[in-house]
Amino acid sequence: MSERKPFVGGNWKMNTNRTTSAELARAVVDGLSSVSGVDVAVFPPFPYLLAIKSILRDRGSSIKLGAQDVYHQPDGAFTGEVSIDMLKDCGVQVALVGHSERRHVVGEKDELINLKTRAVLESGLECILCVGETLEQRLNGHTDSVNQRQIRTALAEVPGEQIDHLTIAYEPVWAIGTGKVATPEDAQDAHSKVRRLIETLYGSETAERIRIQYGGSLKPGNASEILAQPDVDGGLIGGAALKGADFVSLVRAAAQAAQNKD
Ligand code: PEP
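We now turn to the structure provided with this report.

Criteria and thresholds
- Residues numbered from 1 in each chain as written.
- Predicted model: local features only at pLDDT ≥ 70, side-chain atom pairs only at ≥ 80, totals over all residues.
- Heavy atoms only, no water.
- Helix = DSSP H or I, 4+ residues; strand = E, 2+ residues; numbered from the N terminus.
- Rg over C-alpha atoms; globule rule 2.2 N^0.38 Å.
- Buried < 20%, exposed > 50% of the residue type's maximum accessible area, 1.4 Å probe, protein only.
- Contact = heavy atoms within 4.5 Å.
- Areas by Shrake-Rupley, 256 points an atom, 1.4 Å probe, with all protein chains shown as cover.
- Phe/Tyr/Trp six-rings, centres within 6.5 Å; stacked < 30°, edge-to-face > 60°.
- Lys NZ or Arg CZ within 6 Å of the ring centre and 35° of its normal.
- Polar contact = N/O pair within 3.5 Å; in protein donor to acceptor, adjacent residues only side chain to side chain.
- Pairing = 2+ DSSP bridges.
- Axes fitted to C-alpha atoms, helices over the stretch in contact; angles between N-to-C directions.
- Core = buried A, V, L, I, M, F, W, Y, C linked by side-chain atoms within 4.5 Å.
- Near = heavy atom within 4 Å.
- Salt bridge = Lys/Arg side-chain N within 4 Å of Asp/Glu carboxyl O.

**Considering the overall build of the protein chain**
When helices and strands are tallied, the protein chain shows eleven helices and eight strands. The C-alpha radius of gyration of the protein chain comes to 17 Å, within 12% of the 18 Å expected for a compact globule of 262 residues. In terms of overall dimensions, the protein chain has a C-alpha envelope of 45 × 45 × 35 Å along the principal axes. In the protein chain, buried positions account for 55% of the 262 residues. Taking the intrachain contacts of the protein chain between residues at least 6 apart in sequence as the baseline, contacts between residues at least 24 apart amount to 75%. For the protein chain, the computed accessible surface area is about 11,700 Å², with 49% contributed by carbon and sulfur atoms.

Right, dumping it as structure tokens:
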């Protein structure tokens, strides 16, 4: 039986505009008004955070407001970056760190991801740390060693008492935005190894509590089997999070999967 409440995030990436982001937020809030048993967050682009926060607040929604990235320095001459305090000021409750597009498109390294992870957790915000292997790494049999390296380096010097604010998103890079999905068995295998690593680093109780999301081309038609895996605690959704009805259906699938695990 799983004590873990599933957590589903909708990462809107660099999509939507002022009008469509508000429409999407309203569709998600209204569609989820009768759904319980799942933590949900949306990650709009930075310029729309305040407007989406107003929509969530005005409708009394428990959906969390998320940021797609943060910068670890508190203030200063860091042109283009956004600090954690600025995000908090806009009502942000949870931040993504180490998304594969930050690692592989923008070029963020493990060391920077460690600084960001530490800063987010020290600030009291929730952190979703994204990890996962490229296709080449998978084909060379390096899936687990890549996940281990990314997690160990990201969590270096993170004390155990902060881990309750951490979620790990296992997102195989070859599955993100490609329409390719890990098999339920491959996802479960990677997730259980991530959980064992957390046990090694922080002990068995922490490992049992930590939520591990799967991410990579989840859609209403393919999600149920993956979400049903014992070590999969929800999902991080990109493309399908841009369609209100699809995102709502994925959150419902996560709620159903959790009920079936009880
Ligand atoms: C993501 O951006 O984290 C993601 C999983 O994207 P997609 O669902 O489009 O693969």
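**With respect to the packing of aromatic side chains**
Per the counting criterion, the structure on display carries two aromatic pairs. Judged by centre distance (5.3 Å) and plane angle (45°), the rings of Y71 and F78 are tilted. What makes Y71 buried here is its relative accessible area of 16%. Sitting over the face of the ring of F7, K64 holds its NZ or CZ atom 5.7 Å from the ring centroid.

**Observations concerning the side chain of R103**
Tracing the backbone through its elements, the reader meets R103 in helix 4 (residues 100–106). R103 sits in the buried class, given a relative accessible area of 9%. Engagement of the side chain of R103 in a polar contact is seen with the backbone oxygen of G98, the distance being 2.9 Å. Every residue in contact with R103, bar those within four places of it in the chain, is listed here: G98, E108, D110, I113, L129, C130, V131 and Q150.

**Quick word on the sheet that holds strand 1 (residues 7–11)**
Pairing within the closed barrel is parallel, and its eight strands lie in the order 1-2-3-4-5-6-7-8. Each adjacent strand pair in this sheet contributes to an overall mean axis angle of 25°, direction not counted. The pairing of strand 1 with strand 2 (residues 39–43) spans five bridges and is parallel. Counted as the bridge partner of V8 is V40 from strand 2. Those strands touched by helix 2 (residues 49–58) are strand 2 and strand 3 (64–67), and its axis lies near 170° from that of strand 3.

**Here's the deal with the nonpolar core**
In this structure, I52, L166, Y214 and F247 are the most contacted members of the largest nonpolar core, which totals 72 residues. Here this core gets eight residues from one element, more than from any other, and that element is helix 11 (residues 244–261). Setting aside residues no more than four positions away along its own chain, F247 makes contact with V8, G9, G10, V28, V40, A41, V42, I237, A240 and A241. Membership of the second largest hydrophobic core comes to nine residues, among which are F43, I128, C130 and L236.

**Section: the site of the ligand**
Not every one of the 14 residues close to the ligand is listed here, only the nearest: K13, E171, G177, S217 and G239. At 2.9 Å from an oxygen atom of the ligand is found a side-chain nitrogen or oxygen belonging to H99. One nitrogen or oxygen atom from the main chain of G177 is found 2.6 Å from an oxygen atom belonging to the ligand. Protein contact buries 97% of the 300 Å² of open area that the ligand shows by itself.

**A word on the pairing of strand 7 (residues 211–215)**
With five of its five residues buried, strand 7 lies for the most part within the structure. Burial along strand 7 is two-sided: R211, Q213 and G215 and I212 and Y214, pointing in opposite directions, are all buried. Across four bridges, strand 6 (residues 166–170) lies against strand 7 in parallel orientation. Looking across to strand 7, one finds that I168 is bridged to I212. Two strands pair when backbone bridges link them, and strand 7 and strand 8 (residues 235–237) are joined in this way by two bridges, in the parallel orientation.

**As for the environment of G31**
Tracing the sequence through the fold places G31 in helix 1 (residues 18–31). Each C-alpha atom, one on G31 and one on A245, is 7.2 Å from the other, the two residues being 214 residues apart in sequence. Not counting residues within four places of it along the chain, the set of residues in contact with G31 comprises V248 and R252.

**Quick notes on the pattern of salt bridges**
Where charged atoms of side chains with opposite charge meet at close range, the side chains can pair. With the rule as written, the count across this model stands at 22 salt bridges. In this structure, E157 and R118 form a salt bridge, with 3.8 Å as the shortest nitrogen-oxygen distance. Within this pair, whereas E157 is found in the loop between helix 7 (143–154) and strand 6, its partner R118 is found in helix 5 (residues 110–123), the two being separated by 39 residues in sequence. With relative accessibility at 21%, the residue R118 sits in the partly exposed group. Connected through shared salt-bridge partners, R4, R195, E208, D231 and D233 make up one network.

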